[in-house]
Amino acid sequence: MTEQAVREASVARKTNETDISLKFAVDGTGQVKLETDVPFLNHMLDLFAKHGQFDLTVDAKGDIDIDDHHTVEDIGICLGQTLREALGDKRGIKRYASVFVPMDEALAQVVIDVSNRPHFEYRAQYPSSQVGSFSTELVQEFLWKLALEARITLHVIVHYGQNTHHMIEAVFKALGRALDEATNIDPRVQGVPSTKGML
């Protein structure tokens, strides 16, 4: 078997609302460097990368004087774009994963198909609309843009919980672990894991 290519990518995105540079490595060791104006998102991205064993660098500035929406959304876009690029033709990957993660009283499930067919399903009801200054509706915005730009099928289910922080934390940990599993190279897989011959 030939040596596996380095699976990493970087992107720069500058608009009137945000200025973002992001680098993502699929086969990392959980090395993270985050500089954004959204502290709660920093925390969640740190969990995502550490539990997925990804290397992630994000430098993002945005119009947070309005709110966090554009910054969170555009980081999701950039992360999705780098994931798609880093995976290339997806040869040898496992493709699918389903992961449950508990966080104290909360339980989240993330199911992924690295399918080249963007689709997002989200089942979550949080007790609070805010965690600190962070609006919980932005979790959906981030995940949807990630799935769209990465061209993956992503199902996220928060089965239960009482603490909103714990519930969202379980989602991001499960996301990291599921994405790690789905993108893992399986030596038994010859070529692309699809009867179509491509993903």
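Okay, so let's go over this structure. (Residues numbered from 1 in each chain as written. Predicted model: local features only at pLDDT ≥ 70, side-chain atom pairs only at ≥ 80, totals over all residues. Heavy atoms only, no water.)

1. Remarks on the pairing of strand β1 (residues 8-14)
Moving on, step 1. Pairing geometry for β1 and strand β2 (residues 18-25), over seven bridges, is antiparallel. Across the sheet, Glu-8 pairs through a bridge with Ala-25, a residue of β2.
Moving on, step 2. What sits between β1 and β2 in their antiparallel hairpin is a turn of three residues. (Pairing = 2+ DSSP bridges. Helix = DSSP H or I, 4+ residues; strand = E, 2+ residues; numbered from the N terminus.)

2. Description of the pattern of salt bridges
Moving on, step 1. Within the structure shown, the criterion is met by 12 salt bridges.
Moving on, step 2. Between Lys-145 and Glu-141 there is a salt bridge, and its shortest N-O distance comes to 2.5 Å. Pair noted here: Lys-145 and Glu-141 are both in helix α3 (residues 137-150), with a separation of four residues, about one helical turn.
Moving on, step 3. Exposure remark for Glu-141: the relative accessible area of 21% places this residue in the partly exposed category.
Moving on, step 4. For Asp-186, the salt bridge identified is with Arg-188, shortest N-O distance 2.8 Å.
Moving on, step 5. Exposure remark for Asp-186: the relative accessible area of 9% places this residue in the buried category. (Salt bridge = Lys/Arg side-chain N within 4 Å of Asp/Glu carboxyl O. Buried < 20%, exposed > 50% of the residue type's maximum accessible area, 1.4 Å probe, protein only.)

3. Describing the sheet that holds strand β3 (residues 32-35)
Moving on, step 1. Reading across the sheet, the four strands line up as β1-β2-β4-β3 and stay open at both edges, with mixed pairing between neighbours. Pairing within the sheet leaves two strands with one partner each, and these edge strands are β1 and β3. Recorded for the sheet is a direction-independent mean angle of 5 degrees between the axes of neighbouring strands.
Moving on, step 2. Sheet contacts for helix α1 (residues 39-52): β2, β3 and β4 (55-62); angle to β3, the most-contacted strand, approximately 165 degrees.
Moving on, step 3. Here helix α2 (residues 69-87) sits on the sheet and contacts β1, β2 and β4; the angle it forms with β2, its principal contact strand, is near 35 degrees. (Axes fitted to C-alpha atoms, helices over the stretch in contact; angles between N-to-C directions. Contact = heavy atoms within 4.5 Å.)

4. Observations regarding the sheet that holds strand β10 (residues 153-160)
Moving on, step 1. Taking strand neighbours across the sheet as the criterion, the four strands line up as β5-β6-β10-β7 in an open arrangement whose pairing is mixed. Of all the strands in the sheet, just β5 (96-103) and β7 (119-123) have a single pairing partner and so form its edges. Along the sheet, successive strands turn relative to each other by an average axial angle of 10 degrees, direction set aside.
Moving on, step 2. Pairing between β7 and β10: five bridges, direction parallel. Bridging from a neighbouring strand, Phe-120 pairs with Leu-154 of β10.
Moving on, step 3. In the packing of α3 onto the sheet, contacts are made with β7 and β10, and the angle to β7 comes to roughly 155 degrees.

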